[in-house]
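# Architecture at a glance
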Amino acid sequence: MITMSSSQTVNSRALQHCRPQHFGRRPLHAAQFESCQRWACVLQTQRRQQRSNLHCHAVAAVVAERAKPVEKIPTLPFVKIAGQEDMKLAILLNVIDPKIGGVLIMGERGTGKSVAVRAMVDLLPEIEVVPGDPFNSSPTDTNLMGPGALQTYRTGEKLPTGRAKTPLVELPLGATEDRICGTIDIEKALQEGIKAYEPGLLAKANRGILYVDEVNLLDDGLVDVVLDSAASGLNTVEREGVSIIHPAKFIMLGSGNPMEGELRPQLLDRFGMSVNVTTLLDVDVRTQMVLDKMAYEEDPDNFCYESSKEQGELRQRLVEATKKLKQVHMPADVRLKISEICSLLDVDGIRGDIVTNRAAKALVAFEGREEVSLGDVEKVIGLCLNHRLRKDPLDAMDGGSKVKLAFQRITRPREAAEDDKAKQEAASKTAAGSKGGKKAGSWGGLP
């Protein structure tokens, strides 16, 4: 039985007998036959509606199932990355002071470069943002507001406040300049006939981290655009009649394999710090890393839960170091020594001096102290200068060793002189021994 809108009921089988030929000698009157036809049409419409509703419910169920958030597998905890102390130190110092300028991590495959970068995100605190803003605008700081939020703030209207995790944006190798910097919004241009800006990856990375894997394979023009924005903290877009400037303050992290190509010196100088990582050779450290990786792959949630206490302690240290950074004092003689070392190494420009000063202060804040010493400078100066030195193809000494030697000559000149004298004596003895050991009449070379 089907209930009709007129509070009457009709049997679906009875409607099949409403046709005149089924009544023999007693045909229905015209009015009765039209009424039966109306009821049949209503029943047919209701059946179609029921089938349509069932189909809609099925589609809605599928859409809802696909719309469910995918459970993200937690990343390997930062505190469980064994070895690679220089790489971890450089990343932590950039978290404390993003003005250092980012980190370039170069090394062979399988040395934990991308793992360390992705694990770094869990150490970052949540930030206050304007909900729904594509630039991750701050509700209070005008220097971190996008154009829309800034215009609303200047009218005197209070911006809504929400909290979000610090964003990590990965820049793929196939990205174009329009996708990175942003371009005109084609959808609004076609539908509404207006010129509007569609934010790119630089806007999405504002107040977060921009990670470029295989940075040495990225087009030089794109790398230059990204590094310019990272240095200035702004992204300027001038294309297709769209003119806009928005904040783009982020920590720039790049990684690559030196066997696949090198970066140009102009691009190397834009990175604040540089780290050369190698394969772990210490048996104990290597074994521990293997065991941790296998335990993580077997049960990621439980592995991260067991490491949550260490992660929380490190996160708290970073928060306290960031607050204490302004209180750190660097004596004038330490600043002079840094400039002397950079001058001795013939470092182009003053970026190396600035980054070394900032990195040393960040290290002191991380260790909970308030004054920088030459020992603190010695720990970070190699990371800040080794990629800024001019490379000689015939020179076997790497940049890090040159920086250590220059630091020793400036800060400990007596020890450096004694070492140089010992090396000269050893070299002269070696030369004399090789010359005296030759047979009579053998070729001794040119005088």
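Everything that follows concerns the structure shown earlier in this document.
Quick summary incoming for the structure in this document. (Residues numbered from 1 in each chain as written. Predicted model: local features only at pLDDT ≥ 70, side-chain atom pairs only at ≥ 80, totals over all residues. Heavy atoms only, no water.)

Close contact between helix H16 (residues 374-385) and helix H17 (residues 399-411) brings their axes to 9 Å; oriented N to C, the two are set at 145 degrees. Note that H16 runs across H17; the crossing there is right-handed. Across the interface between the two elements, Leu374, Val377, Glu378, Ile381, Gly382 and Leu385 of H16 pack against Val403, Phe407 and Thr411 of H17. Along the lines of polarity and charge, the residues of the contact of H16 with H17 split into six nonpolar, two polar and one charged. (Axes fitted to C-alpha atoms, helices over the stretch in contact; angles between N-to-C directions. Helix = DSSP H or I, 4+ residues; strand = E, 2+ residues; numbered from the N terminus. Left-handed = near helix turned anticlockwise from the far one by under 90°. Contact = heavy atoms within 4.5 Å. Nonpolar A, V, L, I, M, F, W, Y, C, P; charged D, E, K, R; others polar.)

This next bit is on the sheet that holds strand E13 (residues 273-277). Reading across the sheet, the five strands line up as E6-E9-E12-E3-E13 and stay open at both edges, with parallel pairing between neighbours. One side of each edge strand has no neighbouring strand; the edge strands of this open sheet are strand E6 (168-170) and E13. Adjacent strand axes in the sheet meet at a mean angle of 20 degrees, parallel and antiparallel pairs treated alike. One ladder, built from five bridges, connects strand E3 (residues 103-107) with E13; its direction is parallel. Bridge pairing links Gly107 to Val277 in E13. (Pairing = 2+ DSSP bridges.)

Moving on: unusual backbone geometry. Unusually for a residue other than glycine, Asn136 sits at a positive phi of about 55 degrees. Take Asn136: it is sitting in the loop between strand E4 (127-129) and helix H5 (147-154). Phi at Arg207 takes a positive value of approximately 65 degrees, unusual for a residue other than glycine. Along the polypeptide, Arg207 turns up in the loop between helix H8 (201-204) and strand E9 (209-213). Its relative accessible area of 18% is what places Arg207 among the buried residues. (Buried < 20%, exposed > 50% of the residue type's maximum accessible area, 1.4 Å probe, protein only.)

With 13 residues, H17 extends 18 Å from end C-alpha to end C-alpha; this agrees with the ideal 18 Å at 1.5 Å per step. Considered for burial, the residues of H17 that qualify are Gly399, Val403, Ala406, Phe407, Gln408, Ile410 and Thr411. (Expected span 1.5 Å × (residues − 1).)

Counting across every chain of the model gives one aromatic pair. Cation over ring: Arg317 sits above Phe366, and NZ or CZ is 4.0 Å from the ring centre. (Phe/Tyr/Trp six-rings, centres within 6.5 Å; stacked < 30°, edge-to-face > 60°. Lys NZ or Arg CZ within 6 Å of the ring centre and 35° of its normal.)

This part covers a negative patch on the surface. A surface patch of negative charge is lined by Glu298, Asp299, Asp301 and Glu306. Position of Asp301 among the secondary structure elements: in helix H12 (residues 300-306). We classify Asp301 as exposed; its relative accessible area is 54%. (Patch = residues over 30% accessible without salt bridge, like charges linked within 9 Å, V, L, I, M, F, W, Y side chains within 5 Å. Areas by Shrake-Rupley, 256 points an atom, 1.4 Å probe, with all protein chains shown as cover. Salt bridge = Lys/Arg side-chain N within 4 Å of Asp/Glu carboxyl O. Lys, Arg positive; Asp, Glu negative; His and termini not counted. Charge placed at Lys NZ, Arg CZ, Asp CG, Glu CD.)

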